[in-house]
Amino acid sequence: MPLDIVVGTQWGDEGKGRFVDLLAAEADYVARFNGGDNAGHTVHVGPQTFKLQLIPSGIVQPHTIGVIGNGVVINPTILLTEIQTLIDSGIQISPKRLHLSFAAHLITPAHLALDRAQEAARGNAKIGTTLRGIGPAYTSKVSRQGLRLVDMLNMERFKLAVEDHVKNINRQLTKLYQTEPLDAPRVSDDLLQNAIQIAPYISDVSILLTKALRQGCRVLAEGAQGTLLDLDHGTYPFVTSSTPTAAGALIGLGLGLGYEERVIGVTKAFQTRVGSGPFPTELEGDLAQRLRGTGEHPWDEFGTITGRPRRVGWLDLVLLRYAIRINGVTELALTKLDILSGFEKILICTGYRNNEHEITNLPYGPSDLSGFEPIYEELPGWQEDIRTARHWENLPPNARAYILRIEELIGIQVRLVSVGPEREQVVEII
Ligand code: IMP
């Protein structure tokens, strides 16, 4: 059954967009199943760079049909801007080519205001959210007070629902956080305008995708963020509010079990994180600077959406094994191997030391990693520029040894390796 699911195995920013773009060449449908515009997926095609936040990155391949599932939270202003930007860059977007689930929830200006107020109130304990209203929108959803795309189809009811929603959040903004309330009629007027433009795209994507799968079409489910930011399985509470792991694809698109074929885990060749929370292999100083870059290149480690410098460190195989288990990853796609060129030695974390004990699995998940010291294995680096490598044999022996050692320690195969930002800068390992 041809459902392929792409997930991030780290804290997001693994470079999923470029592999989704590659895999989408073989797909009929590309579908986003979680998160919102907190994601930033970049695809480089020749001189063009596409930065996508909501619409699946696979849409850049002209033959695909794009889907946004019920698991996603949608800021309508961002969505409409993204549609326009894509159209301006020559990508064809229309209600025939992009389908939005009627059950996806909306992010409103009230959610944005609440995200800002809550982060400010957390002080030193702040999560470092992207301030895109993600947490508050999912909170509205689980507390059964959210606004869904389907509500936009009945203008009169929608207007009243929005005004109620804003008044409700205004009470929290003013009473709990002592901040300014929003103008409810104004918010509802703006959302009504958005509704007119968005309505033609709304449908039941569960019906669309199930029918497609039964007919043998290939569906590529595209996760945003990463396993360690998963609400249930990540480094709670320093997580996002959705389910970026593989099972989230089924829930977030309205699919039953049994269609899935491959679960492709995307992993950076080192580790990065934005926002707060545990990071056992984090580096500081010169090594960190080298891995992060200066910010002058688009691939340097600065947030696509926020511009924040990312925290960086060596690859952590304890966390990677955890992600493989949680997702049922069947194969790995390794990104940014080229960034490791020129290092004399490269470290990988193979286990942790806790007091006198050595462990290779986490007893209580990844939330509390204080007291866990990484155990490193040192591998020789390579000095060659690998950006022109396209086949396994083109990689220097030490780069191959690095990949083989990772495979040995995690028990699954690395199938794809990226050696530069361009679409063709990939080594496919057969
Ligand atoms: P939120 O999703 O904006 O609520 O942020 C919660 C945490 O997830 C913060 O640490 C963010 O930096 C992180 N986060 C959210 N989206 C992404 C992403 O696409 N890439 C990397 N980190 C993310």
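Conventions used here
- Residues numbered from 1 in each chain as written.
- Predicted model: local features only at pLDDT ≥ 70, side-chain atom pairs only at ≥ 80, totals over all residues.
- Heavy atoms only, no water.
- Domains from an automatic or database assignment.
- Buried area = accessible area lost by both parts, 1.4 Å probe.
- Salt bridge = Lys/Arg side-chain N within 4 Å of Asp/Glu carboxyl O.
- Helix = DSSP H or I, 4+ residues; strand = E, 2+ residues; numbered from the N terminus.
- Buried < 20%, exposed > 50% of the residue type's maximum accessible area, 1.4 Å probe, protein only.
- Polar contact = N/O pair within 3.5 Å; in protein donor to acceptor, adjacent residues only side chain to side chain.
- Contact = heavy atoms within 4.5 Å.
- Phe/Tyr/Trp six-rings, centres within 6.5 Å; stacked < 30°, edge-to-face > 60°.
- Lys NZ or Arg CZ within 6 Å of the ring centre and 35° of its normal.
- Near = heavy atom within 4 Å.
- Areas by Shrake-Rupley, 256 points an atom, 1.4 Å probe, with all protein chains shown as cover.
- Nonpolar A, V, L, I, M, F, W, Y, C, P; charged D, E, K, R; others polar.
- Axes fitted to C-alpha atoms, helices over the stretch in contact; angles between N-to-C directions.
- Parallel < 35°, antiparallel > 145°, perpendicular 65-115°, else oblique.
- Left-handed = near helix turned anticlockwise from the far one by under 90°.

What the domain assignment lists for the protein chain is domain 1 (3–90 + 205–428) and domain 2 (105–200). For domain 1 and domain 2, the distance between their C-alpha centroids amounts to 29 Å. When domain 1 packs against domain 2, the two sides together hide about 1800 Å² of surface, and 59% of this comes from carbon and sulfur. Together, Val73, Pro76 and Leu80 form the three largest contributors to the area buried by domain 1 at its contact with domain 2, with a combined 29%. Our count for the domain 1 to domain 2 interface comes out at 1 salt bridge. Asp37 is the partner of Arg132 in a salt bridge, and the nearest nitrogen-oxygen pair spans 3.1 Å.

Before going further, it helps to examine the side chain of Glu331. Assignment of secondary structure puts Glu331 in strand 15 (residues 331–335). With relative accessibility at 8%, the residue Glu331 sits in the buried group. A polar contact is formed between the side chain of Glu331 and the side chain of Arg262, at a distance of 2.9 Å. The residues contacting Glu331, other than those within four sequence positions of it, are Arg262, Val263, Ile264, Gly265, Ile412, Gln413 and Arg415.

What follows deals with the packing of aromatic side chains. Evaluated as defined, the whole model comprises 4 aromatic pairs. Geometrically, the ring pair formed by Tyr352 and Phe372 is tilted, given 5.7 Å between the ring centres and 55° between the ring planes. Of this pair, Tyr352 sits in strand 16 (residues 345–354) while Phe372 sits in strand 18 (residues 372–380), and the two are 20 residues apart along the sequence. Of the two residues examined, Tyr352 and Phe372, each falls in the buried class. One cation-aromatic arrangement involves Arg18 over Phe19; the distance from NZ or CZ to the ring centre is 5.6 Å. Above the face of the Phe343 ring, Arg290 is positioned so that its terminal group lies 4.0 Å from the ring centre.

Attention now goes to the site of the ligand. Around the ligand lies a shell of 16 residues, among which Asp13, Asn38, Thr130, Thr240 and Arg308 are the nearest. Asp13 has a polar side-chain atom sitting 3.1 Å from a nitrogen atom of the ligand. Between the ligand and Val274 there is a distance of 3.5 Å, counted from an oxygen atom to a backbone nitrogen or oxygen. Compared with its free state, where it exposes 470 Å², the ligand has 96% of that area covered by protein. Along the lines of polarity and charge, the residues of the shell around the ligand split into 7 nonpolar, 7 polar and 2 charged. A domain-level breakdown of the shell around the ligand finds at least three residues from each of domain 1 (3–90 + 205–428) and domain 2 (105–200).

Turning next to the packing of helix 5 (residues 155–176) against helix 6 (residues 184–198). Their axes nearest at 9 Å, the elements helix 5 and helix 6 cross at an angle of 140°. The angle between the axes of helix 5 and helix 6 places the two elements in the oblique class. The two elements helix 5 and helix 6 meet at a crossing, and its hand is right-handed. Residues Met155, Phe158, Lys159, Val162, Glu163 and Val166 of helix 5 form the contact with helix 6, whose own contacting residues are Ala184, Pro185, Val187, Ser188, Asp189, Leu191, Leu192, Ala195 and Ile196. Residue classes in the contact of helix 5 with helix 6 are distributed as 11 nonpolar, 1 polar and 3 charged.

The next subject is unusual backbone geometry. For the bond from Tyr236 to Pro237, the omega torsion is 5°, close enough to zero to count as cis. With respect to the element layout, Pro237 can be found in the loop between strand 10 (219–222) and helix 8 (247–253). The backbone of Asp13 sits at a positive phi, close to 60°, despite the residue not being glycine. With respect to the secondary-structure elements, Asp13 resides in the loop between strand 1 (3–8) and helix 1 (16–24). Take Asp13: its relative accessible area is 24%, and that puts it in the partly exposed class.

Let's shift gears to the pattern of salt bridges. The final tally for this structure, using the stated rule, is 19 salt bridges. Here Glu282 ties to Arg311 by a salt bridge, and the two come within 2.9 Å at their closest N and O atoms. In this pair, Glu282 is assigned in the loop between strand 12 (271–273) and helix 9 (285–292) and Arg311 in strand 13 (residues 311–313), connecting sequence segments 29 residues apart. One salt bridge connects Lys345 with Glu378, and the closest N-O pair in it is separated by 4.0 Å.

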